[in-house]
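# Architecture at a glance
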Amino acid sequence: MIAGMYEQNFMAYVIFGLILNFVFSIMFGVYLSNNIGMKEMIESKGDKEQPLLIRLSLFIPYAKMLVTLYRVTILQLFFLNKGYTHKEFWIYMTNEQKENS
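In this text, all values refer to a predicted model and were calculated from it rather than measured experimentally. (Residues numbered from 1 in each chain as written. Predicted model: local features only at pLDDT ≥ 70, side-chain atom pairs only at ≥ 80, totals over all residues. Heavy atoms only, no water.)

### What about the environment of methionine 41?
- You can see methionine 41 is positioned in helix H2 (residues 38–44).
- Between the C-alpha atoms of methionine 41 and threonine 94, which are 53 residues apart in sequence, the distance is 9.8 Å.
- Sequence-distant contacts of methionine 41, that is, excluding residues within four places in its chain, are made with Leu32, Ser33, Ile36 and Trp90. (Helix = DSSP H or I, 4+ residues; strand = E, 2+ residues; numbered from the N terminus. Contact = heavy atoms within 4.5 Å.)

### With respect to the domain arrangement of the protein chain
- Assigned domains of the protein chain: these are domain 1 (1–47) and domain 2 (49–100).
- Computed from C-alpha coordinates alone, the two centres of domain 1 and domain 2 are separated by 13 Å.
- If you look at the interface, domain 1 gives 21 residues, while domain 2 gives 21 residues.
- Both sides of the domain 1 and domain 2 interface together cover about 1,900 Å² of buried area, and 70% of this is carbon and sulfur. (Domains from an automatic or database assignment. Buried area = accessible area lost by both parts, 1.4 Å probe.)

Here is the structure:
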C-alpha cells in the first residue's frame, strides 16, 4: 500500500494527474495563442528559463495543473483586470525581469 491505497489505485491517480497536467497546459496555451496569435507569440517570446521547481512539478501529479491555474489567476487578476493585454502577460512570462539599479 502507498499512501493508504493499493498500488493500482495510486498509479491510476498519478496517470490521471499527468493527463490533467497536459490538458490544462494545452488549454492555456491554446487560449493564449487565440488571444495573442502564434506569430506574435513567437516574435515576442523571450528566453526566460523556467524555475527548477516548476520543471520538477511535472513529475508530481496535479502540481503542474496547479501551476497552470496559478498562471491563469495571475493573468486574470494582475493583467486583464488592470487593463493590460494578453501579450503583456506573455512578455512578462517569457522575458527576464530587468532590475532597476
